[in-house]
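Report on the structure
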Amino acid sequence: MTAVAAGLTTACTTSDDDRGASSPPTSSASAPASAGGSEADADGAEEDLDELPLPREDISDWAASALPAPGAAGRLVNQSGWLSDGTSSQLMVSAPEEPPGRYAVDVACLGSGTITVRLQEPEDPAAPGSPDATCTDETISFEYDSSPDAPRVSLGLSGAPTVYAVAIAPVEG
């Protein structure tokens, strides 16, 4: 799946194997507006592909090995791709049909860029007081309480093009 937002592309893939049975996940990409979607933007995206730490066709396989195994409840969101200045340096993933509750978030990053993970609630885009995490060439995992609405996680890139994988699942018990 390739998501297009504000004239720029964010490359991503999703896996149907780990989705929860209750509803399909929804992912949305947000990116700064392009100055016109010029040919230079396409050139930047192609240059970014050359800087990725692995070929784009290998991202799904890497993501499957980089993220922890899904729990019995399955994953609501299971997405991978890359972030870069030539495509998009921002990505929003969410499961809007899911109720508030405790969710596990796993984020894997491969490359020399740093991905900042920000928890955001639909009612409060700034999400004051929510934990931030960063990921640089590693896998991070944490839990958080999504209230009053569904889980929503924002990824933002600083630096070189970087491959990511993100999974969101309800915490069992």
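How each quantity is defined
- Residues numbered from 1 in each chain as written.
- Predicted model: local features only at pLDDT ≥ 70, side-chain atom pairs only at ≥ 80, totals over all residues.
- Heavy atoms only, no water.
- Helix = DSSP H or I, 4+ residues; strand = E, 2+ residues; numbered from the N terminus.
- Buried < 20%, exposed > 50% of the residue type's maximum accessible area, 1.4 Å probe, protein only.
- Contact = heavy atoms within 4.5 Å.
- Areas by Shrake-Rupley, 256 points an atom, 1.4 Å probe, with all protein chains shown as cover.
- Core = buried A, V, L, I, M, F, W, Y, C linked by side-chain atoms within 4.5 Å.
- Patch = residues over 30% accessible without salt bridge, like charges linked within 9 Å, V, L, I, M, F, W, Y side chains within 5 Å.
- Salt bridge = Lys/Arg side-chain N within 4 Å of Asp/Glu carboxyl O.
- Lys, Arg positive; Asp, Glu negative; His and termini not counted.
- Charge placed at Lys NZ, Arg CZ, Asp CG, Glu CD.
- pLDDT = per-residue confidence, 0-100.

Quick look at the overall build of the chain now. Counting its secondary structure elements, the chain contains 2 helices and 11 strands. Starting at the N terminus and ending at the C terminus, the chain contains elements arranged as β-β-β-α-α-β-β-β-β-β-β-β-β. Counting all 173 residues of the chain, 47% fall into the buried class. Within the chain, contacts between residues at least 6 apart in sequence are counted, and of these 80% link residues at least 24 apart. Roughly 8,100 Å² of accessible area belongs to the chain as shown, and the carbon and sulfur atoms make up 48% of that amount.

Core analysis: the largest hydrophobic core is formed by 24 residues, its most contacted members being Val107, Val117, Val153 and Leu155. Looking at this core, the elements with two or more residues in it are β4 (77-83), β5 (90-94), β6 (101-110), β7 (114-119), β8 (132-135), β9 (139-146), β10 (152-158) and β11 (162-170). Considering every element that reaches this core, the biggest residue donor is β6, with 4 residues. The contact partners of Val153, leaving out residues within four places of it in the chain, are Leu91, Met92, Val93, Val105, Val117, Arg118, Leu119, Tyr144 and Ile168. Core analysis: the next-biggest nonpolar cluster, separate from the first, contains 13 residues, Leu54, Ala66, Trp82 and Val163 among them.

Taken together, the side chains of Glu46, Glu47, Asp50 and Glu51 make up a negatively charged region of the molecular surface. Residue position: Asp50 is located in helix α1 (residues 39-51). Given a relative accessible area of 69%, Asp50 falls into the exposed group.

Phi is positive for Asp137, close to 55°, though the residue is something other than glycine. Turning to its location among the elements, Asp137 is positioned in the loop between β8 and β9. Since its relative accessible area comes to 48%, Asp137 is described here as partly exposed.

Averaged over all residues, the pLDDT of the chain is 74; the fraction at 70 or higher stands at 68%. Taking the mean pLDDT of every element in the chain, the minimum, 27, falls on strand β1 (residues 2-5) and the maximum, 96, on helix α2 (residues 59-66). Here residues 1-40 is a poorly scored stretch, pLDDT under 50, and it has 87 contacts once near neighbours within four places are set aside; other chains count.

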